[in-house]
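Architecture and fold: a report
Below are the chains, spelled out letter by letter.
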Amino acid sequence: MIATPDRTPLPREFFDRPVLEVAPDLLGRLLVRTTPDGPITLRLTEVEAYDGPNDPGSHAYRGRTARNDVMFGPPGHVYVYFTYGMWHCMNLVCGPDGTASAVLLRAGEIVEGAELARKRRISARNDKELAKGPARLATALDVARPLDGTDACAAGETQLRVLAGTPVTPDQVRNGPRTGVSGEGGVHPWRFWVANDPTVSPYRAHTPRRRSS
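Description of the structure in this document. In this text the structure is predicted, and so the values were computed from the model without any measurement.

Counting its secondary structure elements, the protein contains 4 helices and 9 strands. Taken from the N to the C terminus, the helices and strands of the protein come in the order β-α-α-β-β-β-β-β-α-α-β-β-β. Projecting the C-alpha coordinates of the protein onto the three principal axes gives extents of approximately 50 × 40 × 35 Å. In the protein, once contacts between residues fewer than 6 apart in sequence are set aside, the share between residues at least 24 apart is 62%. With an accessible surface of roughly 10,800 Å², the protein has 52% of that area assigned to carbon and sulfur atoms.

Within strand S2 (residues 30-35), 5 of the 6 residues are buried, which leaves it mostly tucked inside the rest of the structure. Strand direction decides the pairing type here: S2 and strand S3 (residues 38-50), joined by 6 bridges, are antiparallel. In the strand pairing of S3, leucine 30 is matched with arginine 43. Two successive antiparallel strands, S2 and S3, enclose a turn made up of 2 residues.

Now for the environment of glutamate 109. Tracing the sequence through the fold places glutamate 109 in strand S6 (residues 101-112). In the structure, glutamate 109 is positioned 28 residues away from leucine 137 in sequence and 9.2 Å away in space, judged by C-alpha atoms. Other than its neighbours up to four places away in sequence, glutamate 109 contacts Thr41, Leu42, Arg43, Thr45 and Thr199.

What counts, and where the lines are drawn
- Residues numbered from 1 in each chain as written.
- Predicted model: local features only at pLDDT ≥ 70, side-chain atom pairs only at ≥ 80, totals over all residues.
- Heavy atoms only, no water.
- Helix = DSSP H or I, 4+ residues; strand = E, 2+ residues; numbered from the N terminus.
- Contact = heavy atoms within 4.5 Å.
- Areas by Shrake-Rupley, 256 points an atom, 1.4 Å probe, with all protein chains shown as cover.
- Buried < 20%, exposed > 50% of the residue type's maximum accessible area, 1.4 Å probe, protein only.
- Pairing = 2+ DSSP bridges.

Below is the structure:
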């Protein structure tokens, strides 16, 4: 018998820990995105940890900017960035206020509101692909820069909330290098995923972008 997922909201204390503790502990948790058309719920299956000034792969490695400001704020907030001029990606800030660490949400399974996600991800060949990758996840959940700074732990109604769900057991967790991260940051095995889950995105090493001639 499959246990019913726990729908208790995760408290701020959950996120007020080192990023390498929070990241694998997010696997199996539920992310609820409340949209004007209704809620969409996603079970997290793949994440990546980014450790601020200690991590060359982090947006906060060189300090605070207008873009990464939310990363330096209190834990439990949402950091959304725009990349390659096309896509948004979503992170959850963790660690004490001022530490600038965050977890990138890379992939998940849409468990409620799939009909809404399909309207936004019309190129998906099946429901397993709806949120298979960070840009696809953000698109499926209608996440964009206006949600940057949202407090996922706020009391009352909020557009994004993380629920306890059904955390995976340690034997189900795998880890390895982060996708597409270059240089020193590329060697950290800070990508975590649920073993054998079909919604996990494929690993891709960093490929230098070609300059136009």
